[in-house]
Amino acid sequence: MIFSASVIITAGTFLRGEIHLGMERTPAGRMGDQPAVGLAKTIEKIGFKMGRLKTGTPPRILRKSINFEGMTEWKGDDPPHPFSYENDRVYIDADEQLSCFTTTTTPQVAQIVKDSLHQNVHVQEETNGPRYCPSIESKIIKFPLKSSHVCWIEPEGWDCDEIYLQGFSCTMPREHQIKAVRSIKGLESAEISKFGYGVEYDYIDPRQLRSTLETHRVGQLYLAGQINGTTGYEEAAAQGLIAGINAARQTQSKTPYTVERSEGYIGVMIDDLTTQGTNEPYRMFTSRSEFRMSLRPDNADERLTERAYNMAIGGGCVSLARLRSTQARLQRLHEASALLRGECASITKWRARVGMDTRGAGSRAKSALQFVSMLDSDGAHAFLESFLPPQLGGAGLMMRERLRAIALYDRVLPLQERMMEEVKRDEALEIGDNLDYSQIGSLKSEMVEKLELCRPRTIAAASRIQGMTPSCLVVLLRHVRNTKSKLSS
């Protein structure tokens, strides 16, 4: 027995995990590994509310058996972009990156899938699987009129001969997988090194968690990843980060660390999970956030670095050196944006400054920042390089990209604020029992499905539906308001 002041469980798909391949059912968390049955029973015995979800993985193909001719090649970024502003380059050159390729399925694939459905236990299960990265079986069942589906050919590494067949997650029997894969363009002679399979597993209703990812029922116990009903590497990593920080802080008797919805997508995800729960594998999308125009990759350091340092001093989250580097970088950014906002001229003058055609440009005054928002990427970079002094990073690619992002989003941020105010103002607006949600053209099919099922009485009630996005809420609000206006007139 091992004792600990704080414990984090990251069980993945192992809680009573069961692998499905054709009609075979094998107890496993993943292929070749035993499931965590005892742990699942203990969690259940404690009294946690649990459910079942499922997911799947595609077959792996040997590179040497693939015919890449006729496929579309997708090269990496040139220049490659570092994940952090602390770095100005990545450790490899652009031409050293491995390409991905796309190909498509054929009508023969669809027929093979249909012919094998009766031999596919994973498809027959009623457990919910991923909505946004469905299996090839789900695609063919849900979109019977679609003649082909895109597949990505993704190398798994420099020194690995295996190719990940993204977009072709499947659980059909092995002999049918071979036929189906060889019916894909360019894979006619494909050799499968690992077959695709599905896995069904237990998860915990995440509404039993605090925003720190500590459980309400058991103090000092934290959960992170697929055990909370999420799917995806980034979603799991984000939860592991928050659970890890808080587990460590609790052992040191420090205050919890949380991320608010307005501060980052981590905050949006955890708030969604802990307040709404989920009955299908949860993925984080920008559309889930009412602050999505403010939560951008280009300003992540501005939103989170200093706060992480202040909240987690001594916890190793952000070093003092990194904080000072961020502060110096942001100081240059703010000075540059202030300079761009402060200088105004006619569009004619601005265009002349970068050698652009001035005919019909007009004499209306615009700030330099507004003018940047009117240019394409090359034009914006050329203008900023000529406008900004070197000490403000005018010649730096990353600084120019950030300034262009600020210019572009300055135009739309007021729209985000107006939409949020609109929803808050009309939360009490009654929707009506007979509304046909399928007739609201701009609503996503997922939202139509959930609204038809829940039949919310008011806009406020609709906002609490699991998975409801701010943009869909505005579409619904405007439709109801317009309908009521027409009826009253």
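### Observations regarding the environment of histidine 20
Looking at the element boundaries, histidine 20 is found in strand β2 (residues 18-21). Along the primary structure histidine 20 and tyrosine 203 are separated by 183 residues, whereas in three dimensions their C-alpha atoms are 18 Å apart. Polar contacts involving the side chain of histidine 20 include one to the side chain of glutamate 18, which spans 2.8 Å. Within the local environment of histidine 20, its side chain forms a polar contact with the side chain of histidine 122, the two groups lying 2.9 Å apart.

### A look at the environment of glutamate 69
By secondary structure assignment, the location of glutamate 69 is in the loop between β5 (60-62) and β6 (72-74). By relative accessible area, which is 70% here, glutamate 69 ends up exposed. Residues glutamate 69 and glycine 186, 117 residues apart in the sequence, show an inter-C-alpha distance of 7.1 Å.

### Details of helix α15 (residues 445-454)
Inspection of α15 places Glu446, Met447, Val448, Lys450 and Leu451 among the buried residues, and these make up the whole buried set. Residues of α15 that are buried make contact with α16 (459-463) and α17 (470-488). Just downstream of α15 lies arginine 455, where phi reads positive at about 50°.

### Looking at the packing of aromatic side chains
Following the criterion strictly, the structure yields 9 aromatic pairs and no others. Residues tryptophan 74 and tryptophan 152 carry aromatic rings whose centres are separated by 5.5 Å and whose planes lie at 45° to one another, so their mutual orientation is tilted. With tryptophan 74 in strand β6 and tryptophan 152 in strand β8 (residues 150-155), this residue pair connects regions lying 78 residues apart in the sequence. With centroids separated by 5.2 Å and ring planes inclined at 75°, the aromatic side chains of phenylalanine 371 and phenylalanine 383 adopt a geometry described as edge-to-face. Of this pair, phenylalanine 371 sits in helix α11 (residues 368-373) while phenylalanine 383 sits in helix α12 (residues 377-387), placing them 12 residues apart in sequence. Note on accessibility: phenylalanine 371 and phenylalanine 383 belong to one class, buried. In textbook terms, an aromatic cluster arises when at least three aromatic residues are bridged by ring pairs, as seen for Trp350, Phe371, Phe383 and Phe387.

### A few points about the packing of helix α9 (residues 320-342) against helix α13 (residues 397-410)
Viewed as axis vectors pointing N to C, α9 and α13 meet at an angle of 50°, and their least axial separation amounts to 11 Å. Considering their axes alone, α9 and α13 lie oblique with respect to each other. Viewed along their axes, α9 and α13 form a crossing whose handedness is right-handed. Contacts from Arg329, Leu330, Arg332, Leu333, Ala336, Ser337, Leu340 and Arg341 in α9 reach Met399, Arg402, Leu403, Ile406 and Asp410 in α13.

### Things to note about the sheet that holds strand β3 (residues 24-27)
Reading across from one edge, β3-β2-β11-β4 is the order of the 4 strands in this open sheet, with antiparallel pairing throughout. Every other strand in the sheet has two partners, leaving β3 and β4 (50-57) as the edge strands with one partner each. The mean angle between the axes of side-by-side strands here comes to 25°, regardless of whether they run parallel or antiparallel.

### Structural notes on the nonpolar core
The nonpolar side chains of a soluble globular protein tend to be buried with one another. Ranked by size, the top nonpolar core spans 33 residues in total, and within it Ile9, Ile43, Leu223, Ile227 and Met269 carry the most contacts. Of all the secondary-structure elements, those providing two or more residues to this core are α1 (37-46), β12 (221-223), α6 (233-251), α7 (265-276) and α8 (300-311). For this core, the element with the highest residue contribution is α6, accounting for 5 residues. Those residues within four positions of isoleucine 9 in sequence are excluded, and the remaining contacts are Leu39, Ile43, Leu221, Tyr222, Leu223, Ala224 and Ile227.

Definitions and limits used
- Residues take numbers from 1 onward in each chain, read along the sequence in its written order.
- With the structure being a predicted model, the display of local features is reserved for residues of pLDDT at least 70 and the display and counting of side-chain atom pairs for 80 or more, all residues being used for whole-chain, interface and lining totals.
- With hydrogens and water stripped out, all remaining heavy atoms of the structure feed into the side-chain values.
- Only DSSP runs of H or I covering at least 4 residues are called helices, and only runs of E covering at least 2 are called strands; the numbering of each starts at the N terminus.
- Pairing of N or O atoms within 3.5 Å defines a polar contact, subject to two protein rules: one partner must be a possible hydrogen donor and the other a possible acceptor, and residues neighboring in sequence count only if both atoms are side-chain atoms.
- With a 1.4 Å probe rolled over the protein chains alone, any residue whose accessible area is under 20% of its type maximum counts as buried; one over 50% counts as exposed, and the rest are partly exposed.
- Whether two residues are in contact is decided by their heavy atoms: any pair within 4.5 Å suffices.
- Only Phe, Tyr and Trp rings are paired, with Trp represented by its six-membered ring, and only when their centres lie within 6.5 Å; those with planes under 30 degrees apart are stacked, over 60 edge-to-face, the remainder tilted.
- A fitted line through C-alpha atoms represents every axis, and for helices the fit uses only the stretch in contact; the resulting angles, taken between N-to-C directions, go from 0 to 180 degrees.
- Should an angle fall under 35 degrees it is taken as roughly parallel, and over 145 as roughly antiparallel, whereas 65 to 115 is taken as roughly perpendicular and any remaining angle as oblique.
- Two helices crossing with the near one rotated counterclockwise from the far one by less than a right angle form a left-handed crossing, whereas a clockwise rotation gives a right-handed crossing.
- When DSSP finds at least two bridges between two strands, those strands are taken to pair.
- Note on terminology: a nonpolar core comprises buried Ala, Val, Leu, Ile, Met, Phe, Trp, Tyr and Cys residues joined through side-chain atoms within 4.5 Å.

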